[in-house]
Structures are given as C-alpha cells and as structure tokens.
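# Examining the three-dimensional arrangement
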Amino acid sequence: MTVDGVGEIEVRRLDAAEVRARLDELAAVLADCVAGGASVSYMAPFTHEQAREAFAAWADLVERDTRLLLAAFLDGTVVGTVQLVFATPPNQPHRADVAKLLVHRSARRRGLARLLMEHAEREAQAEGKTLLVLDTVTGDDAERLYMRLGWTRVGVIPNYALYPDGRPCDTTVFWKAV
Ligand SMILES: CC(C)(COP(=O)(O)OP(=O)(O)OC[C@H]1O[C@@H](n2cnc3c(N)ncnc32)[C@H](O)[C@@H]1OP(=O)(O)O)[C@@H](O)C(=O)NCCC(=O)NCCS
C-alpha cells in the first residue's frame, strides 16, 4: 500500500531463504534498535555482524517452523520486523510468544509496528494459535502500542533486564486472545 508522504509500505512473512537473503537489512534494523538504547536481549557494543548472526540463527528456526518472521518494507527495504515463537511445551499448542518487534529509528511513528502486530495476529490465527503472550520494557513506546492494540497488561516485573548500557529496566507482561 502507498501512504502519502511516507512511501510504499508492505508487510509480509519471510521464509528462511528470504531471511538469509536479507540478513544485512534485518541486521541493520536490530543493530539500529540496540544502538538507540532498546532493551531487546543485547548489550552495547553490539555490531552489525552480531545482528547478522542473530538473524541467521532465527532463519534456522523459521526453517524448522518453530518461528515465524514478518518484515515491514518501506520502498522495498526492510525497516521493521517481528517474530512469533512457537516453541511451547506440548500442553500449550494453542499459544505463541511475540518477540523482537523492531522498527528502524528512521521509519518510526508511521504505524509500521501497528501493521506488523496486526499481521502477526492474523498469521498466529492462521497457525491455529488463540493466545499470544509478550513482555516489553515498562514505560517505553512499545507498552503504549500494545495497550492501544487491545493487549491485557498482566503486571510489572521489576529489574527484569538491562538496557544496552547496563541500566536495569522493568518488564511488563501482556497477553491477548486472538
Ligand atoms: C516500539 C516500536 C516497535 C514502535 O514502532 P513504530 O513503528 O514507531 O510504532 P507505530 O508507528 O505503530 O506507533 C508509534 C507511535 O507513532 C504514532 N503514529 C503512528 N502512525 C503515525 C502517523 N502516521 N503519524 C504520526 N504518528 C503516528 C502512534 O500513535 C504511536 O504514538 P505514541 O508512541 O505516542 O503512542 C519502536 O519504537 C522500536 O522498534 N523500539 C525499539 C525496540 C523495542 O522496544 N521493541 C519492543 C520490544 S517488545
């Protein structure tokens, strides 16, 4: 779809081959988010090569159908991504985790994260999932996004993780029935 003043936006699922083919674009998004101070598993300094390795490992999981990866394209280049994680125990076949919602700083505040999450919900439904769970840094932009998208806030776990610079951050846990 074309959005006035923004450009051509597309959100779609990538298979393992395309994740591998687009490692540099995906890695650029992750590395930019960490450089911007996002608490998404990694500590500073975090290199482009480390980000490539992360997506290369996720490509293997996409190939095994234990993860599903979506990408948001702006004028043909990946600027955002999100993953559904299906690695649940046998007694939770209906559940998936949402992970690594990332939008490059240059492409933020244009609704791309909302689009990625809406697509992720539809993909989850198509995979037979009825319950989604995620956690996110308390008080950051993503928390407002999930509230807007109808997720239920379970509560806050203090000092759950670290920002890339080593400061501690709280985490808010959310769920949504889809
Ligand atoms: C959280 C994150 C994914 C949001 O991405 P995004 O694409 O900017 O999100 P959206 O554009 O959908 O929404 C963000 C804001 O832009 C606003 N917005 C959306 N479309 C807009 C438009 N066309 N014009 C102006 N503002 C707009 C939204 O209302 C929202 O406002 P708010 O922050 O004041 O509540 C992004 O900031 C990010 O990657 N952060 C670092 C990684 C991270 O923390 N990920 C979450 C891990 S769980």
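Data block above holds the structure.
Each chain has its residues counted from 1, following the order in which its sequence is written. Local features in this predicted model are restricted to residues whose pLDDT is 70 or higher, and side-chain atom pairs enter the listing and the counts only when it is 80 or higher, whereas totals over whole chains, interfaces and linings include all residues. Values reported for side chains reflect all heavy atoms of the structure, with hydrogen atoms and water molecules removed beforehand.

When at least one non-hydrogen atom of a residue lies within 4 Å of a molecule or strand, that residue is treated as near it. Around the ligand lies a shell of 19 residues, among which Leu101, Arg109, Gly111, Arg144 and Arg148 are the nearest. With respect to the ligand, the backbone of Gly111 contributes an N or O atom lying 2.7 Å from an oxygen atom. Separating an oxygen atom of the ligand from a backbone N or O atom of Arg114 is a distance of 3.2 Å. Accessible areas in this description were obtained via Shrake-Rupley with a 1.4 Å probe; residue shielding takes into account the shown protein chains only. Within the complex, the protein chains bury 74% of what would otherwise be the 940 Å² of accessible surface of the ligand. The dominant element in the shell around the ligand, judged by the number of residues it contributes, is helix α5 (residues 141-148), at five residues. By the convention adopted, Pro, Cys, Tyr, Trp, Phe, Met, Ile, Leu, Val and Ala count as nonpolar, Lys, Arg, Asp and Glu as charged, and the other residues, Gly among them, as polar. For the shell around the ligand, the residue count by class is ten nonpolar, two polar and seven charged. Identification of polar contacts relies on pairs of N or O atoms within 3.5 Å, with a donor-acceptor requirement for protein atoms, meaning one able to donate a hydrogen and the other able to accept it, and with residues adjacent in sequence counted only if both atoms are side-chain atoms. Helix numbers and strand numbers start at the N terminus; a helix is a DSSP run of H or I with at least 4 residues, a strand a run of E with at least 2.

Next up on the list: α5. The rule is simple: take the accessible area with a 1.4 Å probe, protein chains only, and divide by the maximum for that residue type; under 20% is buried, over 50% is exposed, in between is partly exposed. For α5, the complete set of buried residues consists of Glu143, Leu145 and Tyr146. Within α5, the buried residues cover an arc of 160 degrees as seen down the axis, which keeps them to one side. Contact criterion: two residues are considered in contact whenever any of their non-hydrogen atoms come within 4.5 Å of each other. Where α5 is buried, its residues contact β5 (95-103), α4 (112-126), β6 (131-137), β7 (152-162) and β8 (168-177). Just downstream of α5 lies Gly150, where phi reads positive at about 85 degrees. Along the arc lie the directions from the helix axis toward the C-beta atoms.

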